[in-house]
Structure formats: C-alpha cells, structure tokens
Amino acid sequence: MGKKTVSLIMLLCFTAIGQLSAEDGSRLWLRFQLQEKTNLPDFSGIQGELSSIALQEFQLAWEEMTGNSLLETDKPTGHTLLIGTLENRLIRRLVDREELHELGPEGYILRSVMQGKDRFTIIASTKENGLLYGAYHLLRLIQTNKYNDTLRITERPRYDIRILNHWDNLNGTVERGYAGYSIWQWDQLPEQISPRYREYARANASVGINGTVLNNVNASPDILTDDYLKKAKVIADILRPYKIKVYLSVNFSSPKILGGIPDSDPLNPRVRQWWQEKAREIYRLIPDFGGFLVKANSEGQPGPQDYGRTHADGANMLADALQPHGGIVMWRAFVYNPTEEDRAKQAYSEFMPLDGQFRKNVVIQVKNGPVDFQPREPFSPLFGSMKQTALMPELQITQEYLGFSNHLVYLATQWKEFLESDTHCNGDHSTVAKTTDGTLYQHPVSAIAGVANIGQDANWCGHHFAQANWYAFGRLTWDHTLPAEEIADEWIRMTFSNRDDFVAPIKQLMLSSWEAAVNYMMPLGLHHIFAWNHHYGPEPWCDIPGARRDWLPPYYHNASEKGIGFDRTTTGSNAVSQYCSPLNGQFNDVNSCPEELLLWFHHAPWSHRMQNGRTLWEELCYRYDDGVQQVREFQKTWDRMEPYLDRERFRHVQSRLRIQSRDAVWWKDACLLYFQTFSRMSIPYDIERPIHELEELKQIKLDLKHHN
Ligand code: BDP
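Residues numbered from 1 in each chain as written. Predicted model: local features only at pLDDT ≥ 70, side-chain atom pairs only at ≥ 80, totals over all residues. Heavy atoms only, no water.

*Asks:* Could you clarify how one ought to interpret the sheet that holds strand β5 (residues 152–155) in this entry?
*Replies:* Two orientations exist for strands paired in a sheet by backbone hydrogen bonds: parallel and antiparallel. With respect to topology, five strands assemble into an open sheet ordered β1-β2-β4-β3-β5, the strand pairing being mixed. Strands with a single pairing partner mark the edges of an open sheet, and in this sheet they are β1 (45–47) and β5. Taken over all neighbouring pairs, the strand axes of this sheet differ in orientation by 20° on average, direction set aside. Pairing analysis gives seven bridges linking strand β3 (residues 108–115) to strand β4 (residues 118–124), with the strands arranged antiparallel. In the sheet register, Q115 faces β4, and the bridge partner there is D118. Along the sheet, helix α5 (residues 128–143) makes contact with β2 (79–84), β3, β4 and β5, crossing β3 at roughly 65°. (Pairing = 2+ DSSP bridges. Helix = DSSP H or I, 4+ residues; strand = E, 2+ residues; numbered from the N terminus. Axes fitted to C-alpha atoms, helices over the stretch in contact; angles between N-to-C directions. Contact = heavy atoms within 4.5 Å.)

Quick look at the structure:
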C-alpha cells in the first residue's frame, strides 16, 4: 500500500469517527475538523516564541486539523508560518515597523511573503494580543476553505472594549438566561476550577471579545466582599492569557451595606474613601481589572438619586476611585419610572442634560433601542445626540424577547440595522456605529457590550443556532462593517460543514430568521406585547389593575376601535423630537415614517392605507401569517439537511423548530384574535382559515369558539 492510500484510509477513518462521535455542540465553532490535505496550507514549519499563546493555540488547532504538529524551526525553509512581534528578527525584516505600530496592540498583519525560494505566512503585531487574533484569523481561513498563498490582510478592531455582560447571579441562576445555570461556579471557586473557563476564554478570544462582566447588573453587594473578589481573581487569571479583562457589576449601596457607613451618598467623603479603598483592594488581586458596570436608579436599584445627586455625581465618584488604576465605569442609561412621560423618552430626558459632565473614564452604556431589547426598535435617540460623552451600545445576545433558546433567530441582521442607522446628528452618514466607535466623536475609550447567552448547557447557548449570535456579536464588535451574511457563512462552515448545499440554504434561513420572528411576534413597530413577567408568549390583553402601566402591553399597543400604536408624534408624546433632523420630521409624518416602525411612532387607524394598498389591519394579518409561513419553510429546509450533519444536532434543531413553529401560530392567533375585537370595521380574522384567503373572508363572521 502506498503512503497516499494509507493516509486516505486514515482520513476516512477519522471522518467516520468524527461523524459517529457525539456532537453535543460543546466545541462551538472551534471544531477544527480533520481537513482534507488540499484545504490545508503546505506549512513545513512554524517559528515564534514557544511561550506565545497565539503559537500554542495555532499548534493545538493544527494538530486537530491534520493529526500532526508543525515543526518548530529556527532556519526557515520551504513554507514557514511566522508568528511574532517586532522582537523577532525576521518580522523586523519582513514587516514595516510604522505600519505595524499604526495598528495598535490588538491589530495585526497576516500576509504571504516570498523571500528568494522561501515562502512565509506571517502573523505580526506589536503585542501578543494582536498575534492571538491573527492566529485565529488564519485558522478561520483554513476552516472555511478560504486560505490562499496571496494573503494581504491588515486588521485592527473598531471598538477598544468588546465586552460580554453576564446577567449571572451569585447563586448560580442567570437572569434572562436560557442555557442552564451560570458557567461561573461561585460555590466551588476559588478551589475548584471548571475546565469550561478556559474554553470560554478561547471562544471569546477567537472572535475578538476582550472583556467580560462576570455578574448581573442587578448586582448583589456580595460581589465586592473579600471572598468573592478572591473567586473573581481566579477567573481573571484564567482569562488573562487570552487577553480578556474581568469587570464587575456593582451595587451602588455597597458602602452602606458592606462598609457600615450610614449612607452611600456619592458626595460623602467617607463613601468616596470606601470606594477608593475597595478599588485598591481589587487591583491588588487583579492588577489588570477592567472596571465597574453600574445599573443605578433603575428598576428598584439604588443610585445617586436616592441622595438627590445626579447620575454624573455617582459615575464620577466611581471613576475617580478607578482612575489611578486605569479602570473605567460603564454607567447604564437604562432608566425609566412610572411617570406620565413616555418610557421611550426617559433615558434621553435624564441623560442629555448631563452631557459633558462625566469624567473621561466614564462610558454611558445605552441599549440599542429606547425601550428594552424589543424584537425591533428604532435606535435610542441618545446615539448621535450625546456628543461630549463616550456612549457604548448595549445589545442583547440572550433572546429575552425573541423566543428564549427555543427560537432560531440570527441577530446579526438586527444589530447591523441598528449599527448602520443614520442618526444624522453630525451630518448625513453619522451612523450609530460611527458615533460610538471613535470615527465621528473622539473620546479616550470606545466600547460595545452584549448581554451573554451562555450557560452550563452542553452546547453553551441552549439552541445550537444561538451560538451564532455569540459568534456574530464578537465579529461585529471587531468589525461592524462585516456583512451579516459573511459572518453567518463563516459560522456555518466552522460549526457544521463547508458543503455548499448545506451552507447556502442555511445561510438564507439564518438571514431571514430575525424578520420572520418580528413578523410573527410584533410586526410594523408593535412592541412589548408579551406576558409581562416572563417575556415569552403573547399577552396583548394583559392588564393588571394596580400594576405599573409601563410594564403592561396595552400601554404600548393602545389598541382601540380607533386604531392601534403608540402616538409618539408632536401631537402625542413627542418622542420624535428627540431625534435629529430630518429623522424627527420623517418619523413624525405617517406617510414618511418607515412602515417597519409605523406603530412605534403612530397610533394609526385600522383603515390606514399601507404603501402596498392594503389596510393596516390586513397588513397586520399578512405579516403575522408571513411569519408563520417562514418558520414552516425553515422546518422544511432543515429537514432536507439531515444527510449533511450528525444526528444529535440535527434532531435537536429539528425539535426546537417544531416549538418555534407552534409558538409562531400561538403569537399569530393570540394577537390577531385580540386585536380584531377592536378592528370591527375590518376584515375578520378566522383562526381556521389561512390568511392568504383573507380577501374571501370579507363576509365571514368572526367565530371565536375555536380559540376557547
Ligand atoms: C430587562 C430585563 C431585566 C433586566 C433589565 C436591565 O427584563 O431582567 O434587569 O432589562 O437591563 O430587559 O437592567
């Protein structure tokens, strides 16, 4: 038997074993499947510092992909992979120093270079951070069959801080978490260390995430006790080699609760001193500690307003404590009160007057929309408007309002729509991304956060496809100009298969999945019509006497015989005025308001004519039905994919799609049956009839019997 035949047999055996072995999703997109030789670079050796984490990670992956390790070599011949900083003599010779410096500590060059007969693939950076990201870039190219011998890649991240927010409680539960208990096993730390911590670090580093807030924004003061800080230190030590900094959410009342001080007033010198000492204590344990995340005076959390002080007073006090150590404060703008003012206006009303009053190491963390991670919202009007203060977008990776981990919803499309929204606040093309990444407004630091969807489930995120959202979040924080499609493409290839017959339909499915969910849940700008407490299913009717109005669906949809939607025009709450011109005018006019946001900004009559000629009521019916039909198509597409993947993941996704399909019908029926009780003049909705027969239904009387 020739050498070639033996390796072919080995390859086939490996592939067969790979297919038989359990695929529980635990390896995420870092599966490094055994590759066919034709897909691999013809590296003859590797050169770099053995202690380099980038080199180690590359070797590890290479071994998985080839079954062999790469030879370390001092004397490059053939095709050498060269990984190094400017301390490496060869790198100094082959790479322009200036060019490298311009890319900063996290940027890198990934390049193919010929030197006489010798070929090099180079990963160069001024720091180890860049080498690590470069190594993962090269691995991604190999895994997705995109490696070639003419690479000319220079990269640097768009945001400085690319951070996950865990809403994980110290008792192991996760607020709005749908993938099991928290991965942080506080009860076992610091003695026992879960192997998952390191896997978590690798996964994050591979997509460019460089920070993590370990605990819930609804923060227990205990996190700042000696015990918990020692536990946090252990996690920080594990994440550090992967260039991930640890941050903590803090409770504003900590000085009072832990320090025995009578209050936590930010202007009280004893309180200020308590925070300074706490900061020193933290930095003794975690020298590169990132800083604090704070939810203050929001949903019952304590804050500076408890003492008649402002958000700026509170944030600046913490910023002063962290400043000597290089830490930052991420102060959240998610604030609203049960006042008469439209909830969507409140963050802007509270924070705009404070613009310019925050310390340089404070970043205001603003949710993408003005209300709360709804399936679709316009961007928060703080973006673009607040110019003297650094603002960081907060996205929600966990699907609190998008079907938990039961629904397949790829969120990169939603995030792209948000990041590319033009605020017009600094002329045309002042997109949200450009107003926050340092392009248009310069601040000492730029940042972006995502609420994590990670838990102890074997597949980390509950749904195999929810991993794509973790992945996409990282990729977009690194480069928000990447198309959602390209990110999906990479993820599918690395997570499942490179086969085009699989990649193309699944990519299509992912790209339409967010719009489908908007359709079957809350089309045309409807929002917050969930069951008020768990946020899973529809309850547009939910009205609890005595409860806060701004937690209840009727506050948001305002359905009546006259019409439906929240009037935020100049004759309504006037939220439109918080947007820069010409958006304010555009949103204000029912004829120029984007139809996707119609009911966000307008209370429109049921008979309102849509651009396609349908009435609003008809369009609502069609949208809900479209959503249902789309999910049914997803099911069919997925069923056709059976031959391309392992049984375990196939079945898992298949059963989740079944739930999603059932839920989509539930949403459609609940919302349409409820709304039509108001829309009497319009065509009735009949639960038994497909909506596309709507035209014929004009004469048929509503029959609610089936629903009861
Ligand atoms: C809401 C969640 C709640 C969070 C809050 C927040 O329902 O659990 O605590 O946001 O962001 O979406 O603080």
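*Asks:* So what exactly am I meant to see when it comes to the nonpolar core here?
*Replies:* General note: in soluble globular proteins, nonpolar side chains tend to be found buried as a group. Within the largest apolar cluster, 210 residues are counted, with the highest numbers of intra-cluster contacts made by F58, W331, W470, W638 and F675. Among the elements that take part in this core, helix α17 (residues 500–521) stands out by supplying 11 residues, more than any other. Leaving out residues up to four positions away in the same chain, F58 has contacts with F43, I46, L70, L81, I83, A135, L138, L139 and I142. (Core = buried A, V, L, I, M, F, W, Y, C linked by side-chain atoms within 4.5 Å. Buried < 20%, exposed > 50% of the residue type's maximum accessible area, 1.4 Å probe, protein only.)

*Asks:* Just to check I follow, could you spell out the packing of aromatic side chains for this structure?
*Replies:* Ring pairs (aromatic) are described by centroid distance and by the angle formed between their planes. Tallying each qualifying case throughout the model produces 47 aromatic pairs. Each member of the aromatic cluster is reached from another via a ring pair, and the members are W29, W184, Y197, Y200, W460, W470 and Y471. A cation over an aromatic ring shows up here: K367 above the ring of F334, its NZ or CZ 3.3 Å from the ring centre. The ring of Y622 carries R614 above its face, with NZ or CZ at 3.6 Å from the centroid. (Phe/Tyr/Trp six-rings, centres within 6.5 Å; stacked < 30°, edge-to-face > 60°. Lys NZ or Arg CZ within 6 Å of the ring centre and 35° of its normal.)

*Asks:* Can you walk me through the UniProt feature "domain: Alpha glucuronidase N-terminal" (unreviewed entry) in the protein in this structure?
*Replies:* UniProt annotation of "domain: Alpha glucuronidase N-terminal" (unreviewed entry) refers to residues 50–138 when read in the numbering used here. As a span, residues 50–138 carries 42% helix and 24% strand, and end to end its C-alpha atoms are 18 Å apart. (UniProt positions renumbered as here; feature names shortened; annotations may be inferred.)

*Asks:* Would you explain the side chain of H535 in this entry?
*Replies:* Here H535 is to be found in the loop between α17 and α18 (553–557). A distance of 2.6 Å separates the side chain of H535 from the side chain of E400, its partner in a polar contact. H535 has contacts with R176, E400, Y401, F404, H528 and F530, leaving out every residue within four places of it along the chain. (Polar contact = N/O pair within 3.5 Å; in protein donor to acceptor, adjacent residues only side chain to side chain.)

*Asks:* Got a minute to help me understand the site of the ligand in this structure?
*Replies:* Near the ligand, the surroundings consist of 14 residues, among which E175, K295, R332, D372 and E400 are the closest. Measuring from an oxygen atom of the ligand, one finds a side-chain N or O atom of R176 at 2.9 Å. One of the side-chain nitrogen or oxygen atoms of E400 is found 2.5 Å away from an oxygen atom of the ligand. Across the complex, the protein chains shield 97% of the 320 Å² of accessible surface that the ligand would expose by itself. (Near = heavy atom within 4 Å. Areas by Shrake-Rupley, 256 points an atom, 1.4 Å probe, with all protein chains shown as cover.)

*Asks:* So what exactly am I meant to see when it comes to the UniProt feature "domain: Glycosyl hydrolase family 67 catalytic" (unreviewed entry) in the protein here?
*Replies:* The residues that UniProt annotates with the feature "domain: Glycosyl hydrolase family 67 catalytic" (unreviewed entry) are residues 142–460. What you have in residues 142–460 is 28% helix and 14% strand, and the ends, taken at the C-alpha atoms, are 24 Å apart.

*Asks:* What is the right way to read the sheet that holds strand β10 (residues 328–332) from this model?
*Replies:* The parallel closed barrel is built from eight strands, whose spatial order is β6-β7-β8-β9-β10-β11-β12-β13. The mean angle between the axes of side-by-side strands here comes to 25°, regardless of whether they run parallel or antiparallel. Sheet analysis places β10 next to strand β11 (residues 362–367), joined by four bridges and oriented parallel. When the sheet's bridge partners are listed, M330 is paired in β11 with V363.

*Asks:* What exactly am I supposed to notice about the pattern of salt bridges here?
*Replies:* Any two side chains of opposite charge can pair if their charged atoms end up close together. Here the structure, examined in full by the defined rule, presents 42 salt bridges. Measuring nitrogen to oxygen at the nearest pair gives 2.9 Å for the salt bridge that ties R240 to D288. Placement of the pair is R240 in the loop between α7 (226–239) and β8 (245–250) and D288 in the loop between α9 (269–285) and β9 (291–294), with a sequence separation of 48 residues. A relative accessible area of 23% places D288 in the partly exposed class. Across the pair E299 and K295 runs a salt bridge, and its minimum N-O distance is 2.8 Å. (Salt bridge = Lys/Arg side-chain N within 4 Å of Asp/Glu carboxyl O.)

*Asks:* Explain empty space enclosed by the protein here, please?
*Replies:* Any space left empty among the atoms is revealed by the rolling of a water-sized probe across them. With the rule as written, the count across this model stands at nine cavities of 30 Å³ or more. Along the walls of the largest cavity sit A333, F334, V335, Y336, R343, A347, V366, K367, G369, P370, V371 and S380, which together make up its complete lining. Among the elements of the structure, α11 (343–351) and β11 are those that each provide at least two residues to the lining of the largest cavity. When its residues are assigned to classes, the lining of the largest cavity shows eight nonpolar, two polar and two charged. (1 Å grid on protein atoms, 1.4 Å probe; cavity = no way out; pocket = protein on both sides within 12 Å on 5 of 7 lines; lining within 4 Å. Points joined across faces, edges and corners; volume = space filled by probe spheres on them. Nonpolar A, V, L, I, M, F, W, Y, C, P; charged D, E, K, R; others polar.)

*Asks:* Looking at this structure, how should I read the layout of surface pockets?
*Replies:* Counted as a void, the second largest pocket has a volume near 360 Å³. Forming the walls of the second largest pocket are 19 residues, and the residues nearest its centre are D160, I161, N210, K245 and Y247. Of the residues in the lining of the second largest pocket, the class split is seven nonpolar, five polar and seven charged.

*Asks:* Looking at this model, I keep getting lost on a positive patch on the surface. Mind explaining?
*Replies:* Together, R89, R92, R93 and R97 line one region of the surface with positive charge. Per-element accounting of the positive patch gives the leading share, three residues, to helix α3 (residues 89–94). Mapped onto the secondary structure, R93 falls in helix α3. (Patch = residues over 30% accessible without salt bridge, like charges linked within 9 Å, V, L, I, M, F, W, Y side chains within 5 Å. Lys, Arg positive; Asp, Glu negative; His and termini not counted. Charge placed at Lys NZ, Arg CZ, Asp CG, Glu CD.)

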